[in-house]
Every structure is written in C-alpha cells, then in structure tokens.
4 protein chains.
Amino acid sequence: MPMLSAAELNVFLDRHFPQLLDEGQPLIVVESTGEMEAVLRLVEHDRHLRPGGTISGPAMFTLADVGLYATILAQIGPVGHAVTTSMSMNFMRKPPSGHLIARCKLFKLGTRLAVGEACLYPEGSDEMVAHATGTYSIPPRR
Amino acid sequence: MPMLSAAELNVFLDRHFPQLLDEGQPLIVVESTGEMEAVLRLVEHDRHLRPGGTISGPAMFTLADVGLYATILAQIGPVGHAVTTSMSMNFMRKPPSGHLIARCKLFKLGTRLAVGEACLYPEGSDEMVAHATGTYSIPPRR
Amino acid sequence: MPMLSAAELNVFLDRHFPQLLDEGQPLIVVESTGEMEAVLRLVEHDRHLRPGGTISGPAMFTLADVGLYATILAQIGPVGHAVTTSMSMNFMRKPPSGHLIARCKLFKLGTRLAVGEACLYPEGSDEMVAHATGTYSIPPRR
Amino acid sequence: MPMLSAAELNVFLDRHFPQLLDEGQPLIVVESTGEMEAVLRLVEHDRHLRPGGTISGPAMFTLADVGLYATILAQIGPVGHAVTTSMSMNFMRKPPSGHLIARCKLFKLGTRLAVGEACLYPEGSDEMVAHATGTYSIPPRR
C-alpha cells in the first residue's frame, strides 16, 4: 500500500508547486498511486505545444520528473524533499496534442537513492512516445 | 562563422516559440553564437523556481534543450526542424535563483544526427550546476 | 513472429563476435526471442568479476549492448549492421557472481533508429540489478 | 595536486583489476593525472575490435568507466571503492583500430557522489568518437 493517495498527492503538488497551476487549474494531475508505481496526466494545454501541434520536449520532461517525484513521495510520504540527480530521456515519436499519460515505476527505493522509469503515452494509446529513467537523492529520514 | 547571429536566433525563437515568452519578454535569450557553439541565458523568473528558491529541473532542461537546438540552427540556418531524440542530464548542485547561463557545444554535426553538450552555470560563477548531453535528428537539407 | 530464433542468433554471434567466446565457449547466450523482445544470459565467468566477487559494470554493459543488438536482429534478420549510437545505464545493486539474465524489449523499431531497454537480473531473482536504454542506428534495408 | 600519480594508479589497477591485463600486459594505462582530471589509454588489441575493424562499444565503455574511476581515485586516494551508479554514453563516429585516448574530467567530487565526463579520441586525433558522463557513489571516508 502506498502511503499517499492520488488525492493527497494532488493537494501536496498544488500547494508546493504553484508553477504547475494555470489560473488555479493543475497542468499535471496524479491519477493513481500503487506499490512502487503511479500514473500521472499532463493536461492538454497550449503551453505544452511546439510548432506543428506536438507536445514539447520540456513539457514531457516536466511530466516525467514530476511523475517520478510523486511516485517516490507516494511511497515515503511528504517528508523532506527528494531531489532529481539525473534524468535520461528518449523521445521516440511526436505525440499528438491532447492529454499525455505517464506510467511511472520505481526500480529501486533505497535509503539514499531512488531509481525509476516513466513511460509516456498519448491518452488512449499504447504506443510509447517517450521514455525516461531518473535518479533521485532522498534526504535522511528519521 | 556561424550562419545565424545571436540577434537572428532571438528573432527566430520569439516567433516560433511563443511559450518561451512571458508577457512579451523572452525567458531564454541567445547571448552569442560561434563555430559549433553558442551561449544562452535563462532569465531570472518566478516561473523557474521550486521550493527553497532554487531553479527547477524542468527549467534547466528547457534551457539545455533550447540551447542545443539554437546551437544547431546557428550552424545550419533556420531550415526545417531539428527534433530532440534524446537528452541525458546530471543535476549536480542546487543553483541559486538568478540568471542561469548555458554554454553549448556540438560534438558532431552530421547530415542526420547532431550530438552536443550544454554546461549550466549560475551567472558569474564557474561552478557547473548541471550538465546535459543531447542528440537531435536533423531533417534532410536540400 | 521474430525472423531469427535464439539458435540462429547464437550461430550468428559465435561467427561474427569471436571476442564473446572463451576457449570456444560463448560468454553470452541468447535464450529466447519474441515479438520486439529477447532474453539473453551472461554466463558466469571469472572474466566478468570485479573486486568483491560482483559482476563488473563493463560486463553488464556488454550484456545489455549485445542483448539489444540481438533483439533488433531477431526482428529484421542478420542483414547489415546495426550500430549502437547511445546507451544510458543505471547500476542499482551489486549482482552476486553467477549467471546474469537480460530481458530486452524494443520500444521503437523504425527504419533508421531503434530504441529499447535491457533489464538485468541475477538468474532466479526478480530484483533488477541494472537497467539500460539504448539507441541503435539501422542501415538502410533494400 | 592529485593524490595519486599515473604510475601509482597503474600499480593499483594491475593489482586489483587483473581482467584488465592480457598475458601480464595492461590493456588500459593511466597516462597522466591532474587536478580533477586524468588521461588514460586503451591499448590497441584484437580483443577490442568488432566486425569491420572498429573498436567495440563495450571496449569504449570499459575505457570510460575505468577512466572516471581512476580520475576519482587520483583525487581521493586508493581508499575504499567508488562504485559506478550510472553511465550515459554517446557513440558518434567509428574509431579506427589503434590506441584510444580518454580525457576524463570531474564536474563534481562530493562526499557521497562524483560526476564526470570521459571524452574519447583516437590517438593523435582531435575528433571525438564517443562521450560518456558517469556518476559514482563514494564510500564514507574517515
């Protein structure tokens, strides 16, 4: 059982990451959390687009990064701050405009370091458009 | 000699990447271009911050990605669209709020693929806060 | 259906990659191939060890790289040479000495570029010790 | 001033990494060490080749990994074991057979984590054939 539900994480993100809000509406939403995993959604928005109507690389990076961060907090609770130490990302196909889904999974959740992947799909599609692996430094827990 | 100057690239970015503008002011500025290199600036802005007053990972990713893209266009001109195919990034230190500088360099500029690095520094510091290597697919040129 | 079976790939690797043989015995063996996937084994051998009796990073890299290469050939046949263009790898746990298994999966198999992952496990364990994502340039096929 | 010279590191590597020896001759040699940097050589050898007479990806990975490891030890001394936690590598050109040189530089040498790059060149050439960035976990020092 994860320590934080999707609803709890959404409250946490809204409060601590105001730059993920647009006029009070969240641009990234946690859909579900589970054992070592979580699903997030990048809400369709003009801000995410690049020329040609496709979703920009930085928007996909943001989804992957927030996704893995939320997946870690779902396991350990909202104590202290996990910090991204590395992210490696492959962009494979141009996603259409529309919602983008990140299925996040942790490979390792150690006392100092977490490692996981985020697989990005257009909503309703099973064709992966981008894949990220990230590492996060976890602050000491008491 | 690069094909595009910093001024020409700034005009190009303003026109084609409106999401890099905030109320008409650019959030990323090309400072200089050179043979296989360019320098860009991420302008200090609340939108880039994360809790604790440090610059967020996604803001640094955006600077590195736009930086390498601009470095490629500086060499080949604003013809067609280079597309990010991968980006690998290490975040080493928390940058203070303030301007962030990216020194970008291409390792390879082939007919199909470009590879380069972006080294990120707080303005006025020579202590690198993040390092990115990216690969870009280049469309056929006539 | 993959175009090449595990047995066919093993014959191909033995012939073209003699450095993967030790006194005529292969150090890496294809166990199975499938649609966009393959499983390979790094055979237990002193050459793979580093101080402390754990398997070295370069041995794990070799398994991931040969694994993804074999997975691509399993799909497109032994025509021409796919070339590794990038590899990003996270080492999460020290594997014990013994056989190491790579479960390889392709995310994309385009006409020019293939992208996939290799997940490495000690034989008989489901605890991943290392994860790699690789990109491969595919020569034109007639 | 680095704590270990090239000669001291070569003695250390020969003793602790016998798999880097071929019939008593080292396959990788430290050429020089400096402040946060080192230069290493991958000695020309059939074992490093792949079909077509070019140096294999795993051989280049080994050079980059041993290179960054040696660069770290040059700074902190041969105490305890640094462990590779990630490596991200771009292969840009096919190197000819012959010696391969790695110019290694550390971006960060913290108490827990080191980050650096290895730039690989054919001997006598200034055209980079591969670039690696690696992260290393450093055991507690007393």
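Rules used in this analysis
- Residues numbered from 1 in each chain as written.
- Chains lettered and ligands numbered in written order.
- Predicted model: local features only at pLDDT ≥ 70, side-chain atom pairs only at ≥ 80, totals over all residues.
- Helix = DSSP H or I, 4+ residues; strand = E, 2+ residues; numbered from the N terminus.
- Contact = placed C-beta atoms within 7 Å.
- Pairing = 2+ DSSP bridges.
- Axes fitted to C-alpha atoms, helices over the stretch in contact; angles between N-to-C directions.
- Least-squares fit on C-alpha atoms with pLDDT ≥ 70 in both.
- Nonpolar A, V, L, I, M, F, W, Y, C, P; charged D, E, K, R; others polar.
- Buried ≥ 20, exposed ≤ 12 C-beta atoms within 10 Å, placed from the backbone.
- pLDDT = per-residue confidence, 0-100.
- Parallel < 35°, antiparallel > 145°, perpendicular 65-115°, else oblique.
- Left-handed = near helix turned anticlockwise from the far one by under 90°.

## Digging into the overall build of chain A
For step 1, the next point in the chain: Per the secondary structure count, chain A includes two helices and 10 strands.
For step 2, the next point in the chain: The principal-axis extent of the C-alpha atoms belonging to chain A is close to 50 × 30 × 25 Å.
For step 3, the next point in the chain: Once local pairs closer than 6 in sequence are excluded, the contacts in chain A between residues at least 24 apart make up 64%.

## Section: the sheet that holds strand 8 (residues 100–109) of chain B
For step 1, the next point in the chain: Taken together, the 12 strands give an open sheet; going across it, the order is 3(A)-4(A)-8(A)-9(A)-10(A)-7(A)-7(B)-10(B)-9(B)-8(B)-4(B)-3(B), and neighbouring strands pair in antiparallel fashion. At either end of the open sheet lies a strand with only one pairing partner, and these are strand 3 (28–34) of chain A together with strand 3 (28–34) of chain B. Direction aside, neighbouring strands of the sheet carry axes that sit 20° apart on average.
For step 2, the next point in the chain: Examined bridge by bridge, strand 4 (residues 37–42) of chain A and strand 8 (residues 100–109) of chain A share six bridges and lie antiparallel to one another. Across the sheet, residue A38(A) finds its bridge partner in strand 8 of chain A, namely C104(A).

## Let's talk about the relation of the copies chain B and chain A
A rotation about some axis, followed by a shift along it, carries one copy of the chain onto the other.
For step 1, the next point in the chain: By a simple turn and slide, chain B fits onto chain A: the slide is 0.0 Å along the axis, the RMSD is 0.0 Å, and the turn is 180°. Accordingly, the operation relating the two chain copies is best matched by a two-fold axis. Scanning chain B for the C-alpha nearest the rotation axis identifies S88(B), at a separation of 2.0 Å.
For step 2, the next point in the chain: Of all interface residues in chain B, 95% are interface residues in chain A too; the two copies therefore contact each other through one and the same surface.

## Some thoughts on the interface of chain B and chain A
For step 1, the next point in the chain: With 19 residues of chain B at the interface, the matching set in chain A holds 19 residues.
For step 2, the next point in the chain: For the side of chain B that touches chain A, the elements supplying multiple residues, two or more each, are helix 2 (57–76) and strand 7 (83–91) of chain B.
For step 3, the next point in the chain: Per-element accounting of the side of chain B that touches chain A gives the leading share, eight residues, to strand 7 of chain B.
For step 4, the next point in the chain: In the side of chain B that touches chain A, the residues fall into six nonpolar, 10 polar and three charged.
For step 5, the next point in the chain: Bridge count for strand 7 (residues 83–91) of chain A against strand 7 of chain B is five bridges, and the pairing is antiparallel. Across the sheet, N90(A) pairs through a bridge with S86(B), a residue of strand 7 of chain B.

## Let's talk about the sheet that holds strand 9 (residues 113–122) of chain C
For step 1, the next point in the chain: Reading across the sheet, the 12 strands line up as 3(C)-4(C)-8(C)-9(C)-10(C)-7(C)-7(D)-10(D)-9(D)-8(D)-4(D)-3(D) and stay open at both edges, with antiparallel pairing between neighbours. At either margin of the open sheet sits one strand with a lone partner, and together these are strand 3 (28–34) of chain C together with strand 3 (28–34) of chain D. Going across the sheet, the axis of each strand differs from the next one's by a mean of 20°, ignoring polarity.
For step 2, the next point in the chain: Each of strand 7 (83–91) of chain C together with strand 3, strand 4 (37–42), strand 7 (83–91), strand 8 (100–109), strand 9 (113–122) and strand 10 (130–137) of chain D is contacted by helix 2 (residues 57–76) of chain D, which is oriented at about 45° to strand 8 of chain D, the strand it contacts most.

## Let's talk about the environment of R50(A)
For step 1, the next point in the chain: Here R50(A) lies in strand 5 (residues 49–50).
For step 2, the next point in the chain: Placed 47 residues apart in sequence, R50(A) and S97(A) show a C-alpha to C-alpha distance of 9.6 Å.

## A look at the pairing of strand 9 (residues 113–122) of chain A
All names here are of chain A.
For step 1, the next point in the chain: Burial analysis of strand 9 places seven of its 10 residues in the buried class, which makes it a mostly covered element.
For step 2, the next point in the chain: The sheet contact formed by strand 8 and strand 9 spans nine bridges and is antiparallel. Bridge assignment links L100 to a residue of strand 9, and that residue is P122.
For step 3, the next point in the chain: Hairpin remark: strand 8 followed by strand 9, antiparallel, with three residues in the connecting loop.
For step 4, the next point in the chain: Relative to strand 10 (residues 130–137), strand 9 runs antiparallel, the two being bridged by eight bridges. Counted as the bridge partner of L113 is S137 from strand 10.

## Describing the confidence of the model for chain A
For step 1, the next point in the chain: Averaged over all residues, the pLDDT of chain A equals 92, while 98% of them reach at least 70.
For step 2, the next point in the chain: Across the predicted assembly, pTM comes out at 0.95 and ipTM at 0.93.

## Some words on the environment of V30(C)
For step 1, the next point in the chain: Mapped onto the fold, V30(C) is located in strand 3.
For step 2, the next point in the chain: It is 9.9 Å that separates the C-alpha atoms of V30(C) and V11(C), two residues lying 19 residues apart in sequence.

## Things to note about unusual backbone geometry
For step 1, the next point in the chain: Even without a glycine there, the phi angle at E23(B) is positive, about 50°.
For step 2, the next point in the chain: Residue placement: E23(B) occurs in the loop between strand 1 (21–22) and strand 2 (25–26).
For step 3, the next point in the chain: Using a count of 4 C-beta atoms within 10 Å as the deciding quantity, one classes E23(B) as exposed.
For step 4, the next point in the chain: Despite not being glycine, M36(D) shows a phi value in the positive range, around 65°.
For step 5, the next point in the chain: For M36(D), a count of 18 C-beta atoms within 10 Å gives the class partly exposed.

## A look at the environment of V115(C)
For step 1, the next point in the chain: With respect to the helices and strands, the residue V115(C) is situated in strand 9.
For step 2, the next point in the chain: C-alpha separation for the pair V115(C) and T85(C), spaced 30 residues apart in sequence, amounts to 10.0 Å.
For step 3, the next point in the chain: Ignoring sequence-local partners within four residues, the contact set of V115(C) consists of N90(A), M92(A), F107(C), K108(C) and T135(C).

## Quick look at the packing of helix 2 (residues 57–76) of chain A against helix 2 of chain B
For step 1, the next point in the chain: Orientation of helix 2 of chain A relative to helix 2 of chain B, taken along the N-to-C sense of each, is 150°, at an axis distance of 9 Å. By the angle between their axes, helix 2 of chain A is roughly antiparallel relative to helix 2 of chain B. The handedness of the crossing between helix 2 of chain A and helix 2 of chain B comes out as right-handed. Listed contacts from helix 2 of chain B to G57(A), P58(A), F61(A), T62(A) and D65(A) of helix 2 of chain A are G57(B), P58(B), F61(B), T62(B) and D65(B).
For step 2, the next point in the chain: Its residues placed into classes, the contact of helix 2 of chain A with helix 2 of chain B shows four nonpolar, four polar and two charged.

## Remarks on the packing of helix 1 (residues 6–16) of chain C against helix 2 (residues 57–76) of chain C
Residue and element names in this part refer to chain C.
For step 1, the next point in the chain: Contact pair helix 1 / helix 2: the axes reach a minimum separation of 11 Å and the direction vectors enclose 120°. Judged by the inter-axis angle, helix 1 sits oblique to helix 2. In the packing of helix 1 onto helix 2, the handedness of the crossing is right-handed. For the pair formed by helix 1 and helix 2, the contact residues are L9, F12 and L13 on the first element and A70, L73 and A74 on the second.
For step 2, the next point in the chain: Partitioned by chemical class, the residues of the contact of helix 1 with helix 2 number six nonpolar, no polar and no charged.

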